[in-house]
Amino acid sequence: MKNLSILASFFGAILFTSCNNNDDNMDMTLNVDYPAAYIVNGEDATVTVLKLSTNEVSATIPLMTTGSDMIMWPHHISSHQNHLAIGVPGMDLSAGHSGLNTAGMNGKLVVIDAINGSIVKNINLPLMNHNSIYSPSGNEIWVPQMDEMNSKVLVYDATTNALLNTINVGMMAAELTFSSDGTKAYVANGDDDSITVINASTKAIITTITVGDNPVGAWTGSNNKMYVDNEDGQTISVIDVATNSVDETITLGFMPGIASYNGSKNELWVSDPMAGKVHYWTWDTGMNMWMHGSSLNTGAGAHAIAFTNDGNTAYVTNQTANTVSVVNTVNHTVIKTINVGKKPNGIVIKM
């Protein structure tokens, strides 16, 4: 991810030079006025744009700049209206999160315009961050800060960039996510084996939930659940949002990449990066638990999973293969493999 490779292709990518200010980049030809998936390529420091109607690469947005503005190893991505927020930890996390040394590592909060690809914000952070995410209202951007002892969550005004709140959480805070109803924020504390639950409105800590070994993220389910991927524990902890308790622990037998809930199909998908697979579980009403269905091969380093609104299609980033798999979720088959940038990681779909 540390080498920026920029290719301009007649058949695919529209490539342009990014600027630090939206107003300085008005001559760009990119105009993403169609449903698209945005894939963060960590090693290239680029964002690939996939046009959903054709499943073709329509653009490649370079992020890397120079000097103090340099953006290296972008990671996860979130969206609000026509803006995309990207977390930039500044190091390669593709092999997992165990044994991280964050001393001296600074992160970045980067926001790009989803339509023309220009960089709107490029904010230096005191510590490295796993992600940057818009609050449910879109008025704030929440940024976890990874530290061995004193992790924090920084809450910024999405318009003025003013720092509104600093919230102390657990050790080695990784991903921050919100419940589907938007009332709670969840922070995965990797070294504490816990999840900090925060009131999204008041910013007060509600509780801390013990989960498995080395949690990375509490991934949002539309069924009022959060699905925690515990890397070293090789489990998924299922949290009930209403009760703030762990309902079920799913034993995987592999290190999870990400857990993603498909509400339309009532399936739980978990990526298996070491085997280059995605596994899925189905809900057994009689036994009141998740049952393993099967798995499908996607690509080496299978990681992030994003579903279309109807739940019929999934997009899987394969970090080591430098590809994205397009999956038909009805019959669980890969229908297309798309070459993207180096070490694709986070993905978000905008309709």
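Residues numbered from 1 in each chain as written. Predicted model: local features only at pLDDT ≥ 70, side-chain atom pairs only at ≥ 80, totals over all residues. Heavy atoms only, no water.

Within an unreviewed UniProt entry, the label attached to the protein chain reads Lipoprotein, and the organism entered is Flavobacterium aquatile LMG 4008 = ATCC 11947.

1. Concerning the sheet that holds strand β8 (residues 133–134)
By way of backbone hydrogen bonds, the strands of a sheet pair with one another, either parallel or antiparallel. What counts, and what does not: DSSP calls a pair of strands paired once it identifies at least 2 bridges connecting them. Segments assigned H or I by DSSP are reported as helices when at least four residues long, segments assigned E as strands when at least two residues long, and all are numbered from the N terminus.
If you walk across this open sheet you meet the four strands as β8-β9-β10-β11, and the pairing is antiparallel. Bordering the open sheet on either side are β8 and β11 (163–168), each of which pairs with just one other strand. One ladder, built from two bridges, connects β8 with strand β9 (residues 140–145); its direction is antiparallel. For Tyr 134, the partnering residue across the bridge sits in β9 and is Ile 141.

2. Considering unusual backbone geometry
If a residue is not glycine, its phi is most likely negative; likewise, a peptide bond is most likely trans. What counts is decided by this rule: Under the scheme applied here, a residue whose accessible area is under 20% of the maximum for its type counts as buried, over 50% as exposed, and between as partly exposed, the area being computed with a 1.4 Å probe on protein chains only.
For Asn 161, which is not glycine, the phi torsion reads 70° and is therefore positive. With respect to the helices, strands and loops of the structure, Asn 161 is situated in the loop between β10 (152–157) and β11. The backbone of Asn 266 shows a phi angle near 50°, a positive value even though the residue is not glycine. Positionally, Asn 266 belongs in the loop between β20 (259–262) and β21 (267–272). Owing to a relative accessible area of 29%, Asn 266 belongs among the partly exposed residues under this scheme.

3. Looking at the pairing of β21
Summarising burial for β21: six of the six residues are buried, a large majority. Burial along β21 is two-sided: the residues Glu 267, Trp 269 and Ser 271 and Leu 268, Val 270 and Asp 272 are all buried. With four bridges joining them, β20 and β21 adopt antiparallel strand pairing. Within β21, the residue paired with Tyr 261 across the bridge is Leu 268. Where β20 folds back onto β21 in an antiparallel hairpin, the turn is made up of four residues, including Asn 266, whose phi is positive at roughly 50°. Relative to strand β22 (residues 277–284), β21 is paired through six bridges, and the arrangement is antiparallel. Bridged to Leu 268 within β22 is Trp 281. With antiparallel pairing between neighbouring strands as the criterion, β21 and β22 make up a hairpin whose turn holds four residues, including Gly 276 at a positive phi of roughly 65°.

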